[in-house]
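# Geometric and topological summary
Each chain, written out:
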Amino acid sequence: MDKKFRRIGVLTSGGDAPGMNAAVRAVVRTAVAYGIECVGIRRGWQGLINSDFVVLDAASVGHILSRGGTMLYTARSEEFLSEKGRARAVATCRMLGLDAVVAIGGDGTFQGALALSKMGIPVIGIPATIDNDIGCSNYTIGFDTACNTAVDCIDRLRDTMQSHERCSVVEVMGRNAGFLALYVGIAIGATAVLVPERELNFERDVVERIRNARLAGSTHFMVVVAEGVGSAVDIGKRIHEAIGIEPRVTVLGHIQRGGSPNARDRETATRMGYFAVKALAEGRGNLIVGTRGGDMVEIPIEEALQMQKHLQMDRYQVLETMSVSAAGMATPLR
Ligand code: F6P
């Protein structure tokens, strides 16, 4: 691509994630450093359709680095899925003189990015979702903060479960992926973790694990359920039917998406924003900026959308191995 980018748009789309603001700030400040003007598009792709924008300069992104949510608001746009909607978005780009758009979000955001790029507007994607389910990037902005929030909540639940000698069934987000659930499950020392990537065998994955924990001396049990597996309420009922105990069910819900981004998310978001604009300034577009190991990589959007990331099942093994009790009873490895 041999194109000079003079003015770019930046937007956040889909579910918000802690660190989105840090990415917006980095995009704007890097653009300023390269002499590129920046326009914030509010409410994601829908904002591009509606010409809903705000001109941004270095000062207008001050004091947002540590703030959760997104100053640009976000939305999931049905209209952008239609050709008519996208044509209106392209018209906005032409009207505002946007030579490219930086889109911060998850899978749905990047589907939109690909569609727009095919209509002649160069786009760069920055992966931001608490689900960590973007194939082309080891890491997505917001995941670490969301994990820490969930761990903090579940530690509190454990205190009361321990006092009352109860079973807690906690549902965490993640859409169709179990990254959040498994990571959090290891971090809180869960009795059992249910993820969509592993076919559920209720007797083996829940009943036997609670039973083994009880035989080993535990009187409280922590079961983490990824939302992609199904309802934690149903899992709670099935536990009651199978063993007779009455679990308390907690759905953590959107609390996992809020809060100040932690250091990892601020740092990653800042580097991603920087590399996104650097790519544009050097004449490259239609990419997603992701991480591989500790490094930033650029992957063409179309290729990036084909890439898959699999849950590391060896982590599941780690989780199961940690159920070795004080009395020395382990769940046999299988
Ligand atoms: O993709 C992020 C996410 O928080 C998922 O984990 C969850 O399934 C979904 O968004 C919830 O979406 P909404 O905010 O529209 O309820």
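One structure accompanies this document, and this report is about it. In this text, all values refer to a predicted model and were calculated from it rather than measured experimentally. (Residues numbered from 1 in each chain as written. Predicted model: local features only at pLDDT ≥ 70, side-chain atom pairs only at ≥ 80, totals over all residues. Heavy atoms only, no water.)

### A word on the pattern of salt bridges
Enumeration over the complete set of coordinates arrives at 17 salt bridges. For E320, the salt bridge identified is with R209, shortest N-O distance 3.5 Å. You can see E320 sitting in helix α11 (residues 313-321) and its partner R209 sitting in helix α7 (residues 202-215), a full 111 residues away along the chain. For E320, a relative accessible area of 6% gives the class buried. The salt bridge partner of E298 is R284, with a shortest N-O separation of 2.8 Å. Of this pair, E298 sits in strand β11 (residues 295-300) while R284 sits in the loop between α9 (263-281) and β10 (287-292), placing them 14 residues apart in sequence. (Salt bridge = Lys/Arg side-chain N within 4 Å of Asp/Glu carboxyl O. Helix = DSSP H or I, 4+ residues; strand = E, 2+ residues; numbered from the N terminus. Buried < 20%, exposed > 50% of the residue type's maximum accessible area, 1.4 Å probe, protein only.)

### A few points about the packing of α7 against helix α8 (residues 232-243)
Two elements in contact, α7 and α8, have axes separated by 11 Å at closest approach and are oriented at 65°. Both α7 and α8 take part in a crossing whose hand is right-handed. Along the contact surface, α7 presents F202, V206, V207 and I210, while α8 presents I235, R238, I239, A242 and I243. When grouped by side-chain class, the residues that make up the contact of α7 with α8 number eight nonpolar, no polar and one charged. (Axes fitted to C-alpha atoms, helices over the stretch in contact; angles between N-to-C directions. Left-handed = near helix turned anticlockwise from the far one by under 90°. Contact = heavy atoms within 4.5 Å. Nonpolar A, V, L, I, M, F, W, Y, C, P; charged D, E, K, R; others polar.)

### Looking at α7
For the α-helix, the turn length of 3.6 residues means that residues three or four positions removed from each other point alike. Taking 1.5 Å of rise per residue, the 14 residues of α7 would be expected to cover 20 Å, and the 18 Å separating its terminal C-alpha atoms lies within 8% of that figure. Its maximal kink placed at E208, α7 deviates by approximately 35°. In this structure, the buried residues of α7 make contact with β6 (167-172), β7 (192-194), β8 (221-226), α8 and α11. Directly after α7, the chain includes G217, whose backbone phi takes a positive value near 115°. (Expected span 1.5 Å × (residues − 1). Bend = angle between axes of the 7 residues up to and from the residue.)

### Let's talk about the sheet that holds strand β2 (residues 37-41)
In spatial order, the strands read β3-β2-β1-β4-β5-β10-β11; together these seven strands make up an open sheet with mixed pairing. Each having just a single partner strand, β3 (53-56) and β11 make up the two edges of the open sheet. Across the sheet, the mean angle separating the axes of adjacent strands is 25° when strand polarity is ignored. In this sheet, β2 lies alongside strand β1 (residues 7-12) in parallel orientation, the contact comprising five bridges. Within the sheet, the bridge partner assigned to V10 lies in β2 and is G40. (Pairing = 2+ DSSP bridges.)

### Side note on the site of the ligand
In the vicinity of the ligand, the contacting residues are R76, T129, I130, D131, M173, G174, R175, E227, H254 and R257. Taking G174, its main chain carries an N or O atom lying 3.1 Å from an oxygen atom of the ligand. At 2.9 Å from an oxygen atom of the ligand is found a side-chain nitrogen or oxygen belonging to H254. When atoms are counted within 2 Å of each cavity's grid points, the one that captures over half of the ligand is the largest pocket. Within the shell around the ligand, the residues separate by chemical class into two nonpolar, three polar and five charged. There are two domains that each give the shell around the ligand at least three residues, and those are domain 1 (7-142 + 261-293) and domain 2 (144-257 + 312-322). (Near = heavy atom within 4 Å. Polar contact = N/O pair within 3.5 Å; in protein donor to acceptor, adjacent residues only side chain to side chain. 1 Å grid on protein atoms, 1.4 Å probe; cavity = no way out; pocket = protein on both sides within 12 Å on 5 of 7 lines; lining within 4 Å. Sits in = over half its atoms within 2 Å of the grid points. Domains from an automatic or database assignment.)

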